[in-house]
Amino acid sequence: MAISMWLHFALYVVHTLAVATGQQPLPLAFNPYPNHDRLAFSSQKFKLTVFSDLHFGENPWHDWGREQDANSTRLMRRVLATEKPDFVAISGDLITGENTFKENSTLLIDQLTLPMREKGIPFASCHGNHDNNPNITHLAEIKRENYIAPKLSYTRVTPGIGGADGPGNFWVPVYATKHSLAPILVLWFFDSRSGHSANGTQLPDFVDPSVAKWIKEENARMDVWWGKGKRSSLAFVHIPPHIVESLQQNLDPTTPGLNDDSLAGDGSIQSTSPGITPPGQDEPFWTAVGKYIPNLFAVVSGHDHGNEWCALDSEKEITFCFAKHSGYGGYSSDGWGYGVRNFEFGIDSKSGKMSVRTWIRLEEGEIKAEMGLPLVS
């Protein structure tokens, strides 16, 4: 107790001196963005837009492929102009890696991040199975994103976590104000790996076990520096956890949002690649998310393009939400449409309590499946 009080006092002194002198208010370990602007609420609100499964670079040798990329860019510009988000999360499968060429595949990152760079909107990405292929890797995409948008991209690598094929595990702090002592919201991004290695070998399709221990340790450090239980959270991982199959099987038919993509097939959820991954290998990750990440509003995934619903894992009290297929690349079907999932966080001026609502917005402007989070049993 005494140690914790002294650490908080020391942090307060460091913070006060840093703000007064224009320096960074937190040590590097807990301010991983020393060269970025602080993300903060504006007028007690913070809006986040999710672009999922953009699949740039599909069939680049054909006019059809280039047309899909143009359509996806148009959708992104329309959404950003209308929604005016404070932050963008890109939820995996940025690129259809198996269709790209090694000599220029990362240049697609320039193209798909252009709408955010044009408007100066900060963003971060998690990565999907199509982002790991002989001509592209998660790490190559992260490096290119950091290079092309050094001040706007918050995507990063946590050394030693996630393995060589799943390095994109990190968190992004969001503050109530630019000068707040501690973040009020933490955005978590996890790497579910999958896809194929440089020699064509199929990769494991679940979050690496090292991530579970890291989640526990990072949150313990956050509790010391920022206070226990005082921050809210939202998490992103491209491939849905294995538990989501049972959530779909028991889904209330009145649940808002599309439910057109069965999760019973191989590869639809984590830890289901035949002959590669025994079932349940993602359980340590899912358990750690539920046990150690405080005040978690939801875990968000893409991957299964025909789903856009939210449901509650009542055992672990975790709300899961599908994003919305945003890219014109990748598979689709009549009636699914293309769009985004939005989250708007608000802080009550009297109680200080945070709330969030989420909704699907289609490219043409239709709003659907609006609800508050987290879901409760």
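The structure contained in this document is the topic of the report that follows. (Residues numbered from 1 in each chain as written. Predicted model: local features only at pLDDT ≥ 70, side-chain atom pairs only at ≥ 80, totals over all residues. Heavy atoms only, no water.)

Moving on, we come to the pairing of strand β6 (residues 185-190). Burial analysis of β6 places 6 of its 6 residues in the buried class, which makes it a mostly covered element. The side-chain alternation of β6 yields two buried faces, one formed by L185, L187 and F189 and the other by V186, W188 and F190. Strand direction decides the pairing type here: strand β5 (residues 170-175) and β6, joined by 5 bridges, are antiparallel. Bridge pairing in β6 links P173 to V186. In this structure, β6 lies alongside strand β7 (residues 232-237), joined through 6 bridges in parallel fashion. Counted as the bridge partner of L187 is L234 from β7. Once you follow β6 into helix α5 (residues 210-226) and on to β7, the crossover reads as right-handed. (Buried < 20%, exposed > 50% of the residue type's maximum accessible area, 1.4 Å probe, protein only. Helix = DSSP H or I, 4+ residues; strand = E, 2+ residues; numbered from the N terminus. Pairing = 2+ DSSP bridges. Right-handed = clockwise from strand over helix to strand, strands pointing away.)

Moving on to the nonpolar core. Core analysis: the biggest nonpolar cluster contains 33 residues, and F189, L234 and F345 have the highest contact counts within it. For F189, the residues in contact, after removing those within four places along its chain, are F87, A89, A124, S125, C126, G168, N169, F170, V172 and F236. (Core = buried A, V, L, I, M, F, W, Y, C linked by side-chain atoms within 4.5 Å. Contact = heavy atoms within 4.5 Å.)

Let us now look at the state of the cysteines. Covalent bonding between the sulfur atoms of two cysteines is what defines a disulfide. For the structure shown, the criterion picks out 1 disulfide. Linked covalently through their sulfurs, C310 and C321 form a disulfide whose S-S length is 2.0 Å. Disulfide C310-C321: the torsion about the S-S bond is 110°, which places it as right-handed. On the criterion of sequence distance, the pair formed by C310 in strand β9 (residues 310-313) and C321 in strand β10 (residues 318-322) is long-range, its members being 11 residues apart. Residue class for C310 comes out buried when judged on its relative accessible area of 3%. Taking relative accessible area as the criterion, C321 reaches 0% and is therefore assigned buried. (Disulfide = S-S within 2.5 Å.)

Tallying each qualifying case throughout the model produces 1 cavity of 30 Å³ or more. Taken as a whole, the largest cavity encloses approximately 40 Å³ of empty space. Around the largest cavity sit S52, D53, S301, G302, H303, D304, H305, N307, F322, A323, K324 and H325, which together line it. Classifying every residue of the lining of the largest cavity gives 2 nonpolar, 7 polar and 3 charged. (1 Å grid on protein atoms, 1.4 Å probe; cavity = no way out; pocket = protein on both sides within 12 Å on 5 of 7 lines; lining within 4 Å. Points joined across faces, edges and corners; volume = space filled by probe spheres on them. Nonpolar A, V, L, I, M, F, W, Y, C, P; charged D, E, K, R; others polar.)

This next bit is on the packing of aromatic side chains. Under the criterion given, the structure shown has 16 aromatic pairs. Ring geometry for W309 versus F322: centroids 5.1 Å apart, planes at 75°, classification edge-to-face. One end of the pair, W309, is in the loop between β8 (296-301) and β9; the other, F322, is in strand β10, with 13 residues separating them in the sequence. Using a relative accessible area of 1% as the deciding quantity, one classes F322 as buried. Residues Y331 and W336 carry aromatic rings whose centres are separated by 6.0 Å and whose planes lie at 75° to one another, so their mutual orientation is edge-to-face. You can call W336 buried: its relative accessible area is 8%. A network of ring pairs unites the aromatic residues F41, F46, F297 and F345 as a single cluster. (Phe/Tyr/Trp six-rings, centres within 6.5 Å; stacked < 30°, edge-to-face > 60°.)

A separate point is the sheet that holds strand β3 (residues 87-91). The pairing of strands in a sheet comes from backbone hydrogen bonds and takes either a parallel or an antiparallel form. Taken together, 6 strands build an open sheet; the order of strands is β4-β3-β2-β11-β12-β13 and the sheet is mixed. Looking at the sheet topology across the chains shown, the edges are occupied by β4 (123-126) and β13 (367-373). On average, each strand axis in the sheet is inclined to that of its neighbour by 20°, with strand direction left out of account. Pairing of strand β2 (residues 45-51) with β3, which is carried by 4 bridges, proceeds in the parallel orientation. Its bridge partner lying in β3, V50 is registered against A89. The strands touched by helix α2 (residues 63-83) within the sheet are β2, β3, β11 (339-347), β12 (354-362) and β13, with β2 carrying the most contacts at an inclination of about 170°. (Axes fitted to C-alpha atoms, helices over the stretch in contact; angles between N-to-C directions.)

Before going further, it helps to examine the sheet that holds β10. Taking strand neighbours across the sheet as the criterion, the 7 strands line up as β1-β5-β6-β7-β8-β10-β9 in an open arrangement whose pairing is mixed. Of all the strands in the sheet, just β1 (39-40) and β9 have a single pairing partner and so form its edges. Bridging between β1 and β5 involves 2 bridges; their strand directions are parallel. Within the sheet, the bridge partner assigned to A40 lies in β5 and is Y175. Seen against the sheet, α5 touches β5 and β6 and runs at an angle of roughly 165° to β6.

Attention now moves to the packing of α5 against helix α7 (residues 283-292). One way to put it is that α5 packs onto α7 with a least axis distance of 8 Å and a crossing angle of 15°. One finds that α5 runs roughly parallel with respect to α7. The handedness of the crossing between α5 and α7 is right-handed. Judged by residue contacts, V211, A212, I215, K216 and N219 of α5 engage P284, F285, A288, V289 and Y292 from α7. The class makeup of the residues in the contact of α5 with α7 is 8 nonpolar, 1 polar and 1 charged. (Parallel < 35°, antiparallel > 145°, perpendicular 65-115°, else oblique. Left-handed = near helix turned anticlockwise from the far one by under 90°.)

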